[in-house]
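What the coordinates show
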Amino acid sequence: MSGRKEVLTEQLARKIARMIERFPDAGIPVTWDSVIAHTTKRFGVKLKRNVLSQKEFDGIKIIADAFRGAKGVQNRIKNDSIPKYKTATRTVLQQRIELLEAKNIELKEELELVRAQQLEALDSFLNTPRDIHALIEGLSTSAPIDEIARIRQVKNSEEK
């Protein structure tokens, strides 16, 4: 009995399966339409979805298994690229974090500068000799005491 020659051989099925497995890495959508289009273009054989998905060799559906695996890989890639926050993309959130970290560092530096100035002022206050009677007299008149003027007076009186 002579019949029509088999178009989809096991060798061709393995080539098609390898091609399908490369789809996710190449960014080609894993659909039966794209498998049919690429098979026709690359191998010059126009096959229908039914033939591609149902043909078995030694009880194994080579093309269907490759398609299922490639589809799983494509879905994992898609799920990994989806941002965890629905309102913003991952890059926007990373930029926001970097901006806030930079501002935090800037504020810490400013705080250190203010602390250093305050420690210097406190050290100056504690180590400068003062006339206690003049301080008490200044409090009783309720006029504000100008510390810088007092320090100058003390230095001038010491120099004389």
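Please read all numbers here as calculations on a predicted model, not as lab measurements.

Topic: the nonpolar core
The biggest cluster of nonpolar side chains holds 21 residues, and the ones touching the most others in it are L8, I16, I20, V35, L52 and I63. Of all the secondary structure elements, the ones that give two or more residues to this core are α1 (10–26), α2 (32–43) and α4 (62–81). Residue contributions to this core peak at seven residues, all from α1. Ignoring any residue separated from it by four or fewer positions in sequence, one finds I16 in contact with L8, T39, F43, L47, L52 and I63.

Here's the deal with the packing of α1 against α2
It is at 11 Å that the axes of α1 and α2 come closest, and there the two elements cross at 125°. With respect to α2, the element α1 is oriented oblique. As α1 packs across α2, the resulting crossing turns out to be right-handed. Counted together, L12, K15, I16, M19, I20, R22 and F23 of α1 and S34, V35, H38, T39, R42 and F43 of α2 form the full contact between these two elements. Its residues placed into classes, the contact of α1 with α2 shows seven nonpolar, three polar and three charged.

A look at the packing of aromatic side chains
Under the definition given, this model contains one aromatic pair. Ring centres of W32 and F67 lie 4.1 Å apart, and the angle between their planes is 15°; on these two criteria the pair is classed as stacked. With a gap of 35 residues between them, W32 in helix α2 and F67 in helix α4 connect regions that are remote in the sequence.

Looking at the pattern of salt bridges
Pairing between side chains becomes possible if they bear opposite charge and their charged atoms approach one another. Counted according to the given criterion, the structure contains four salt bridges. We note a salt bridge from D65 to R68, for which the minimum N-O separation is 3.0 Å. Taken together, the residues span about one helical turn, with D65 and R68 both in helix α4 at a distance of three residues. D65 sits in the partly exposed class, given a relative accessible area of 37%. According to the relative accessible area criterion, R68 is exposed, its value standing at 54%.

Examining unusual backbone geometry
The phi dihedral of D58 falls on the positive side, at around 55°, and the residue is not glycine. As for its position among the elements, D58 is in the loop between α3 (49–54) and α4.

A look at α1
A rise of 1.5 Å per residue sets the reference length of α1, with its 17 residues, at 24 Å; its end C-alpha atoms lie 24 Å apart and thus fit the reference within 8%. Turning to α1, its buried residues are L12, A13, I16, A17, M19, I20, F23 and P24. The arc that holds the buried residues of α1, viewed along the axis, is 165°, so those residues lie on one side. Every exposed residue of α1 that faces more than 90 degrees away from the buried side is listed here: Q11, D25 and A26. Of the residues trailing α1, G27 is marked for its positive phi of about 80°.

Here we look at the side chain of T39
Here T39 shows up in helix α2. Using a relative accessible area of 1% as the deciding quantity, one classes T39 as buried. The residues contacting T39, other than those within four sequence positions of it, are I16, M19, G44, V45 and L47.

Cut-offs used in this document
Residues numbered from 1 in each chain as written. Predicted model: local features only at pLDDT ≥ 70, side-chain atom pairs only at ≥ 80, totals over all residues. Heavy atoms only, no water. Core = buried A, V, L, I, M, F, W, Y, C linked by side-chain atoms within 4.5 Å. Buried < 20%, exposed > 50% of the residue type's maximum accessible area, 1.4 Å probe, protein only. Helix = DSSP H or I, 4+ residues; strand = E, 2+ residues; numbered from the N terminus. Contact = heavy atoms within 4.5 Å. Axes fitted to C-alpha atoms, helices over the stretch in contact; angles between N-to-C directions. Parallel < 35°, antiparallel > 145°, perpendicular 65-115°, else oblique. Left-handed = near helix turned anticlockwise from the far one by under 90°. Nonpolar A, V, L, I, M, F, W, Y, C, P; charged D, E, K, R; others polar. Phe/Tyr/Trp six-rings, centres within 6.5 Å; stacked < 30°, edge-to-face > 60°. Salt bridge = Lys/Arg side-chain N within 4 Å of Asp/Glu carboxyl O. Expected span 1.5 Å × (residues − 1). Arc of directions from axis to C-beta.

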